[in-house]
Amino acid sequence: MSGGGVFTDILAASGRIFEVMVEGHWATVGMLFDSLGKGVMRINQNAYGNMGGGGGSLRGSSPEVSGYAVPSKAVESKFAK
């Protein structure tokens, strides 16, 4: 810096440090909210996939229709005593 005294240089340096700290905290808070929003969106898509306009629904589909799971035996025989 040119033309400033020690006091002016100290103020300028502390102003730069403060600016970097504020910018860093805003970036951290922004990333936190971004992660939180993405997590909530993922949970909502898993719970209410047909309402949110995204992804395949994990809830409310029959295994025979979706093709992911095929029952190996009748449900009644699993719970019979």
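These figures come from a predicted structure and were not determined experimentally.

**Observations concerning the overall build of the protein chain**
Scanning the protein chain from terminus to terminus reveals three helices and zero strands. Along the protein chain, helices (α) and strands (β) appear in the sequence α-α-α when read from the amino end. Across the 81 residues in the protein chain, those meeting the buried criterion constitute 2%.

**Structural notes on the pattern of salt bridges**
Side chains that carry opposite charge are capable of pairing whenever their charged atoms lie near each other. Enumeration according to the criterion identifies one salt bridge in this entry. Between D34 and K38 there is a salt bridge; the shortest N-O distance is 3.4 Å. Of the two residues, D34 and K38 are both situated in helix α1 (residues 6–47); the distance of four residues between them amounts to about one turn of the helix. For D34, a relative accessible area of 41% translates into the label partly exposed.

**Description of a nonpolar patch on the surface**
Where nonpolar side chains cluster on the molecular surface, the patch consists of F18, V22, W26, V29, F33, L36 and V40 and spans about 730 Å² of accessible area. Mapped onto the secondary structure, V29 falls in helix α1.

**Structural notes on the confidence of the model for the protein chain**
Of the residues in the protein chain, 64% have a pLDDT of 70 or more, and the chain-wide mean is 75. Within the protein chain, no element has a lower average pLDDT than helix α2 (residues 63–66), which sits at 57, and none a higher one than α1, at 88.

Parameters at a glance
- Residues numbered from 1 in each chain as written.
- Predicted model: local features only at pLDDT ≥ 70, side-chain atom pairs only at ≥ 80, totals over all residues.
- Heavy atoms only, no water.
- Helix = DSSP H or I, 4+ residues; strand = E, 2+ residues; numbered from the N terminus.
- Buried < 20%, exposed > 50% of the residue type's maximum accessible area, 1.4 Å probe, protein only.
- Salt bridge = Lys/Arg side-chain N within 4 Å of Asp/Glu carboxyl O.
- Patch = residues over 30% accessible without salt bridge, like charges linked within 9 Å, V, L, I, M, F, W, Y side chains within 5 Å.
- Areas by Shrake-Rupley, 256 points an atom, 1.4 Å probe, with all protein chains shown as cover.
- pLDDT = per-residue confidence, 0-100.

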